[in-house]
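Given next are the chains, with one letter for each unit.
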Amino acid sequence: MTDTSKAVPVARQASFLSPLPLFFVLLWSSGFIVAKFGLPYAPPLTFLLLRFLGVLLILVPAVLLLKAPWPHGKIGHIAIAGLLVQAGYLIGVWCAIKQGMPAGLSALIVGMQPILTAFAAPLIGEKVRPRQWLGLLFGIGGVGLVVAAKIQLVGLTLEAILLCLLALVSITVGTLYQKHHCPQFDLRVGTVIQFAASAVLILPLAIIFEDLGPDFAAVHWEPGFIGALLWSVLGLSIGAIFLLFALIRRNDATQVTSLMYLTPPTTAIMAWLMFGEAFNALGMAGMVLAVTGVIFVVKQPK
């Protein structure tokens, strides 16, 4: 694997017409499915700590053996972006779901990220065109239709809502921060820095709030848990994050975050196929509207 941190970016529209963003959406969407599989076997912070450590166990030897270049002068910025995009986002979503937040409502709240990113885009020198604003509105409307039938407010707590809002703000700020301060770095080294920083943050939280001990007594090492953990490490924390970094490097933040509109529809289809959850005509209409919104956002003017 070669260092691509100094490669000349390809045309922005071409990158979104390639399989790269579509593959990213598939991987990213599987995160809600993994949560459903993994949370019955371990507390959320403990699961995430094991996930972060698993990433480091794989990537640190690779970085050392391949002598990947370290991003001098950017390590602090990369770490801060990682705390926001990795730790803050995942802690918020996973703990909210554990507190009883329905996956559909969680997806809808986090699905507001493209709108927040668009409002903040001028802060990093990006301009959102009128057609993109229209696409953003289409996208959030589509997400709302997809999850409308799945939203249940019974038993919903203020703590769960605040945790989900934490995830939304954290990943939005983190994406903008990385785009502005450190958009280009070796993916292997950058991922190591971000997950190391996230592990350092989450370890004391797991000890305080989940009574984590060196024996990981709260973890039930069942096949379902091991499968969810392996997919979280390889498919999500390495595969999806590498793709996200590549997209941030090549495209405007508004364009990248607009892909998040495709996550709830894709997750709904996965849940329908794997768990038999309902996916009706309203959901199909929402998916079409969300896809239309993304096209409006990412398509370049002639």
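What counts and how
Residues numbered from 1 in each chain as written. Predicted model: local features only at pLDDT ≥ 70, side-chain atom pairs only at ≥ 80, totals over all residues. Heavy atoms only, no water. Helix = DSSP H or I, 4+ residues; strand = E, 2+ residues; numbered from the N terminus. Expected span 1.5 Å × (residues − 1). Core = buried A, V, L, I, M, F, W, Y, C linked by side-chain atoms within 4.5 Å. Buried < 20%, exposed > 50% of the residue type's maximum accessible area, 1.4 Å probe, protein only. Contact = heavy atoms within 4.5 Å.

## What about helix 3 (residues 44-66)?
Here is step 1: For helix 3, spanning 23 residues, the distance from its first C-alpha to its last is 33 Å, which sits close to the expected 33 Å at 1.5 Å a residue.
Here is step 2: With its phi angle positive at about 55°, Lys67 sits one or two positions after the end of helix 3.

## Looking at the nonpolar core
Here is step 1: Grouped together as the largest cluster of nonpolar side chains are 74 residues, with contacts concentrated most on Phe24, Trp28, Phe47, Tyr89, Trp94 and Leu244.
Here is step 2: Looking at this core, the elements with two or more residues in it are helix 2 (19-38), helix 3, helix 4 (75-98), helix 5 (103-110), helix 8 (158-181), helix 9 (187-210) and helix 10 (223-250).
Here is step 3: At 15 residues, the largest contribution of residues to this core is made by helix 10.
Here is step 4: Aside from chain neighbours lying at most four places away, what touches Leu244 is Phe24, Trp28, Val85 and Val256.
Here is step 5: Ala118, Leu136, Val143 and Tyr261 belong to the second largest nonpolar core, which has 8 residues in total.

## A look at helix 9
Here is step 1: The end-to-end C-alpha separation of helix 9 is 32 Å, in line with the 34 Å expected for 24 residues at 1.5 Å each.
Here is step 2: Backbone geometry just after helix 9 places Asp211 at a positive phi near 50°.

## Comments concerning unusual backbone geometry
Here is step 1: Backbone geometry places Asp211, a non-glycine residue, at a positive phi of 50°.
Here is step 2: Looking at the secondary structure, you find Asp211 in the loop between helix 9 and helix 10.
Here is step 3: One non-glycine residue with positive phi stands out, namely Phe216, at about 50°.
Here is step 4: The topology assignment puts Phe216 in the loop between helix 9 and helix 10.

Without other data, these values stay purely geometric and don't point to any function.
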